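# Per-entry structural report
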Amino acid sequence: MEPTYSRDECVAAFRDYYAFLASMFMDPTFIIEPPADGWAEITPEVMSDLCKTDEVIDLLRHLPYIRQENNSNQPQGLPGNWFIDWGYTATQMKKGEAHAGNELIMSEGYGNRFSGKIPADCIGLVNGRSREDEDWDVILLDVKYGIIHWMNCPKSVQETASPQSREAMENEEESHELEQGKHEKTVSGNFSGENKNGKADHESAQKAGDINRGEDHQDQRENKDGAKEEYGGSEGNETDEDEDEDEDDEQGEDYDLEWGPSWRVCDFFEMLKNQFRMLNFMPTGPYDVIDIWNDPKIWIERVPENIQARVQSIYRDHGWPDAEKFDKKSCLARIKAS
């Protein structure tokens, strides 16, 4: 995996996503931008107990945020989840009213969920509510590689994701290569060496036989060499098993983590936007967001029956997802009245 992290690209991706949310349902005054030199309250000293790298702290210092305040609502950024305002959190930590350990639990999960091995160059992005019989979402930004992991991403989201996760695309490529290999093998196996009259082409068969025999001799030589190594070959040679063990050791403590699907930062936010465009994710007002797969009562205490279909219909009636036709104010008023 080649590192592709860019702080400026990350900042731009967050800013673009928050603007998208504001165009659909969120009051744009909730979006707060950092000063030119970053949020003054986010310093290595204040954030030291989070045990994150300097690059992580530098990114948090320059990100825009969806403003969080004491005893006030904060718009959700995806179903059941709020993007963390790390500037607010830093202020609370400095006052002693928030503690690094609690913030890590809420944004990265309990240690027994991910073995307590989340690397220092990863930072949690959201605080969320738990689904039925499930833990809350953990979404990590990895500044080493410039990717976002959705550690426990619901299967329904993965199946409808556009762009697909990096892992899903790799699996598709591997499946395509496997099918291509089977096809080529079948085509090759169907070659019979016969001419148009059905008679054997002895010359072609002879050449094929010579090639096969040559390969057989080569295989025999390789097998003999392999046998020598297996039964008393040169000393000091590592076996494949030893090499695998060394490779595992080199990968470090995060090797056993179940990272879940991942996207490049810009692709992750584009995937979320597309879920909103398809109304798989849908706001029920200026603050709360639900999805089409889960009972909304797990996130919102009082909701009318059949709210998903009703909200989808209202959004479409008001021009969504056509940004030029969509009437946000009228749409939210209709949802509130329904």
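The paragraphs below set out a description of the structure included in this document.

About the criteria used
- Residues numbered from 1 in each chain as written.
- Predicted model: local features only at pLDDT ≥ 70, side-chain atom pairs only at ≥ 80, totals over all residues.
- Heavy atoms only, no water.
- Helix = DSSP H or I, 4+ residues; strand = E, 2+ residues; numbered from the N terminus.
- Buried < 20%, exposed > 50% of the residue type's maximum accessible area, 1.4 Å probe, protein only.
- Contact = heavy atoms within 4.5 Å.
- Areas by Shrake-Rupley, 256 points an atom, 1.4 Å probe, with all protein chains shown as cover.
- Lys, Arg positive; Asp, Glu negative; His and termini not counted.
- Salt bridge = Lys/Arg side-chain N within 4 Å of Asp/Glu carboxyl O.
- Core = buried A, V, L, I, M, F, W, Y, C linked by side-chain atoms within 4.5 Å.
- Axes fitted to C-alpha atoms, helices over the stretch in contact; angles between N-to-C directions.
- Parallel < 35°, antiparallel > 145°, perpendicular 65-115°, else oblique.
- Nonpolar A, V, L, I, M, F, W, Y, C, P; charged D, E, K, R; others polar.
- Arc of directions from axis to C-beta.
- Pairing = 2+ DSSP bridges.

Moving on: the overall build of the protein chain. From N to C terminus, the protein chain includes 11 helices and 10 strands. With 338 residues in all, the protein chain has 40% of them scored as buried. Contacts in the protein chain between residues far apart in sequence, at least 24 positions, make up 63% of those at least 6 positions apart. About 20,000 Å² of surface is accessible on the protein chain, with carbon and sulfur atoms providing 45% of the total.

Another aspect to go through is the side chain of Asp142. Take Asp142: it is sitting in strand 6 (residues 139-142). Buried and unpaired, Asp142 has no salt bridge, with Lys144 as the nearest side chain of opposite charge at 7.2 Å.

On to the side chain of Thr89, then. Inspection of the secondary structure assignment puts Thr89 in helix 3 (residues 86-95). For Thr89, a relative accessible area of 5% corresponds to the buried category. Apart from residues lying up to four places away in sequence, Thr89 is in contact with Ile84, Ala98 and Glu103.

Counting 67 residues, the largest nonpolar core has Leu141, Trp150, Phe269 and Tyr315 as the members making the most contacts within it. Ranked by residue count, the leading element in this core is helix 1 (residues 7-24), at 10 residues. Grouped together as the second largest cluster of nonpolar side chains are eight residues, Cys122, Val138, Leu257 and Trp259 included.

Where helix 1 contacts helix 9 (residues 265-277), the two axes come as close as 9 Å, and the packing angle between them is 10 degrees. Between helix 1 and helix 9, the angle falls in the class roughly parallel. Within the contact between the two elements, helix 1 uses Cys10, Ala13, Phe14, Asp16, Tyr17, Phe20, Leu21 and Met24 and helix 9 uses Val265, Cys266, Phe269, Leu272, Lys273, Phe276 and Arg277. Among the residues forming the contact of helix 1 with helix 9, the class breakdown is 12 nonpolar, no polar and three charged.

Before going further, it helps to spend a moment on helix 10 (residues 307-317). Where helix 10 is concerned, the buried positions are Ile307, Gln308, Val311, Gln312, Ile314 and Tyr315. Taken end-on, helix 10 shows its buried residues confined to a sector of 165 degrees, consistent with a single buried face. On its buried side, helix 10 packs onto helix 1, strand 9 (281-283), strand 10 (289-291) and helix 11 (328-337). One or two positions beyond helix 10, positive phi appears at Gly319, with a value near 100 degrees.

The strand order across the open sheet formed by four strands is 4-6-7-8, and the pairing between neighbours is antiparallel. Looking at which strands have only one partner, the edges of the open sheet turn out to be strand 4 (122-124) and strand 8 (262-264). Direction aside, neighbouring strands of the sheet carry axes that sit 25 degrees apart on average. Pairing analysis gives four bridges linking strand 6 to strand 7 (residues 147-150), with the strands arranged antiparallel. Bridged to Leu141 within strand 7 is Ile148. Along the sheet face, helix 4 (residues 100-108) touches strand 4 and strand 6 and points at about 85 degrees away from the line of strand 4.

In total, this model carries 11 salt bridges according to the counting rule given. Note that Glu108 and Lys52 form a salt bridge whose closest N and O atoms lie 2.6 Å from each other. Of this pair, Glu108 sits in helix 4 while Lys52 sits in the loop between strand 1 (31-32) and helix 2 (54-62), and the two are 56 residues apart along the sequence. For Lys52, a relative accessible area of 13% gives the class buried. Close ionic contact of Arg67 with Glu69 constitutes a salt bridge, the shortest N to O distance being 2.8 Å. Assessed through its relative accessible area of 23%, Arg67 is described here as partly exposed. Taking the relative accessible area as the measure of exposure, Glu69 reaches 40% and is therefore partly exposed. In this structure, a network of salt bridges that share partners links the residues Asp16, Glu270, Lys273 and Arg277.

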